[in-house]
Amino acid sequence: MRILLVEDEEKVSRFVARGLKAERYAVDVAADGTSGLDHVRAYSYDLIILDLNLPGMSGTDLLKYIRKSHQHVPVLILTARDNISDKVQNFEEGADDYLTKPFSFAELLVRVKALLRRGPVTNSTTLRVAELELDRVVHKVKRGDKNIDLTSKEFSLLEYLMINTGRVLSRTMIVEHVWDQSFEGLTNIVDVYVRQLRKKIDEGHERKLFRTVRGVGYSITEDGA
């Protein structure tokens, strides 16, 4: 799962990002509100951790944008502002949780896991494309009546493609969402993993769900090609 951290304090940002990556989450970091907005516009996230006192664009303004354009992504406010009026305002604007600094990483992680477990506001824990079904809670995939065994990376890649059903995703977008930044530039790894997924999911079926757009990337649709 991929998390966006919007935090301008470098020490806090480094501490949180390192801890989340150790828990095997993919993490993007934005150091100001404007950069955070760019990330939200460009990528899909499973969770956003958002500071309020940000240069460029306030956290509350960014939250308002997120709720207008990405209604279902959980947002956790992480801020030094602990007065009731700030909490009330941001909950009213659509925040899902509110944690004040200073904080322990253990508590942050518990809240992150709770929000990810709860998932999107739609409570859609199962993704479906044609007869392909992915259960995000128990990490199971099946096509029709056949269970499909996937590695954790294969599962994450398939989940990302199914969340964006019908949308062509570039190799760079996939690498940035599914893999850590250490894989930057190794976009050929995407071809390898898509080939593995195709073999496990499309092989033996007349209807092919995976689609390759030459020079662009990959997508999954009900009538791939």
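Summarised in this report is the structure supplied together with it. Since we're looking at a predicted model, the values are computed, not measured.

## Notes on helix H1 (residues 10-22)
- Counted at 1.5 Å a residue, the expected span for H1 with its 13 residues is 18 Å, and the 18 Å between its end C-alpha atoms agrees.
- Every buried residue belonging to H1 is among Val-12, Ser-13, Val-16, Ala-17, Gly-19 and Leu-20, and all of these are buried. Taken end-on, H1 shows its buried residues confined to a sector of 165 degrees, consistent with a single buried face. For H1, exposure combined with an orientation more than 90 degrees from the buried face picks out Glu-10, Lys-11, Arg-18 and Ala-22.
- At the C-terminal side of H1, Arg-24 shows a positive phi close to 75 degrees.

## Thoughts on the pairing of strand E1 (residues 2-6)
- For E1, a buried count of 5 out of 5 residues is recorded, marking the element as mostly surrounded by other parts of the structure.
- Residues Arg-2, Leu-4 and Val-6 line one face of E1 and the alternating positions Ile-3 and Leu-5 line the opposite face, and both faces are buried.
- The sheet contact formed by E1 and strand E2 (residues 26-30) spans 5 bridges and is parallel. When the sheet's bridge partners are listed, Leu-4 is paired in E2 with Asp-28.
- Regarding topology, H1 serves as the crossover connection from E1 to the parallel E2, and that connection is right-handed.
- Relative to strand E3 (residues 47-50), E1 is paired through 4 bridges, and the arrangement is parallel. Bridge pairing links Val-6 to Leu-50 in E3.

## What to know about the pattern of salt bridges
- Evaluation of the coordinates by the stated rule reveals 17 salt bridges.
- Between Lys-101 and Glu-7 there is a salt bridge, and its shortest N-O distance comes to 2.9 Å. Residue Lys-101 is located in the loop between strand E5 (97-100) and helix H5 (105-118), and its partner Glu-7 is located in the loop between E1 and H1; the two are separated by 94 residues in the primary sequence.
- A salt bridge links Arg-111 to Glu-107; its shortest N-O distance comes to 2.8 Å. Placement of both Arg-111 and Glu-107 in helix H5 is noted, with a separation of 4 residues, approximately one turn of the helix.
- Salt bridges sharing partners connect three or more residues here, namely Glu-7, Glu-9, Asp-51 and Lys-101.

Each value, and the rule that gives it
- Residues numbered from 1 in each chain as written.
- Predicted model: local features only at pLDDT ≥ 70, side-chain atom pairs only at ≥ 80, totals over all residues.
- Heavy atoms only, no water.
- Helix = DSSP H or I, 4+ residues; strand = E, 2+ residues; numbered from the N terminus.
- Expected span 1.5 Å × (residues − 1).
- Buried < 20%, exposed > 50% of the residue type's maximum accessible area, 1.4 Å probe, protein only.
- Arc of directions from axis to C-beta.
- Pairing = 2+ DSSP bridges.
- Right-handed = clockwise from strand over helix to strand, strands pointing away.
- Salt bridge = Lys/Arg side-chain N within 4 Å of Asp/Glu carboxyl O.

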